[in-house]
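Coordinates in review
One letter stands for each residue in the lines below.
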Amino acid sequence: MAHRIAPDAARPAAVRSTHYHCYKWSGSGQEWERLGKSDTLDLNSPDRPPVRTVDWLIKSPRFIAAVHAGPQAARDWLIGEWDRAREKAMTPVPEWVSSEDRAARALKAIETGCWPSYSQWLAGGVIVFLAVVGSDQTCH
């Protein structure tokens, strides 16, 4: 018997997003350690990036770096930020991790409601978290 461990991307999402929040958090390794790794839903720690991607929606709106109406524009933001992080990576990202392949997978993920998120340690001991999460709420 096979077990499904990921959402079925062949089926449309039950709720259609009306726009896409593009999230970014970065900080030093010391700040990341200070914030700790407690529960994502700890609303008393608004400065902590969430553990689960979808929980960005309950965090402070100051983490929203951009908002886009379409999945392609949200994907373009994500890949642009990824490319900037990749250039500054503490450990070089292998050549086989291509931005073109990553962009294609990210677009499919956004279109099917499987929200992509990336993180990267940068030179100088900085970590960056990036995510795209769709919303159907009137929040702007």
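In this report, the structure presented in the accompanying data block is examined. Nothing here was measured: the structure is a model prediction, and the numbers come from that model. (Residues numbered from 1 in each chain as written. Predicted model: local features only at pLDDT ≥ 70, side-chain atom pairs only at ≥ 80, totals over all residues. Heavy atoms only, no water.)

Per the secondary structure count, the chain includes 3 helices and 4 strands. Along the chain, from the amino end to the carboxyl end, the secondary structure elements read β-α-β-α-α-β-β. Here the chain holds 140 residues, and the buried ones make up 41% of them. Taking the intrachain contacts of the chain between residues at least 6 apart in sequence as the baseline, contacts between residues at least 24 apart amount to 66%. Here the chain displays about 8500 Å² of accessible surface, and carbon together with sulfur accounts for 54% of that area. (Helix = DSSP H or I, 4+ residues; strand = E, 2+ residues; numbered from the N terminus. Buried < 20%, exposed > 50% of the residue type's maximum accessible area, 1.4 Å probe, protein only. Contact = heavy atoms within 4.5 Å. Areas by Shrake-Rupley, 256 points an atom, 1.4 Å probe, with all protein chains shown as cover.)

Turning our attention to the nonpolar core. Grouped together as the largest cluster of nonpolar side chains are 20 residues, with contacts concentrated most on Cys-22, Ala-74, Trp-77, Leu-78, Tyr-118 and Val-132. Contributions of two or more residues to this core are made by strand E1 (19-28), helix H2 (71-87), helix H3 (99-111), strand E3 (117-122) and strand E4 (126-135). Those residues within four positions of Leu-78 in sequence are excluded, and the remaining contacts are Ala-106, Pro-116, Tyr-118, Leu-130, Ala-131 and Val-132. With 8 residues, the next largest nonpolar core counts Tyr-23, Phe-63, Phe-129 and Val-133 among its residues. (Core = buried A, V, L, I, M, F, W, Y, C linked by side-chain atoms within 4.5 Å.)

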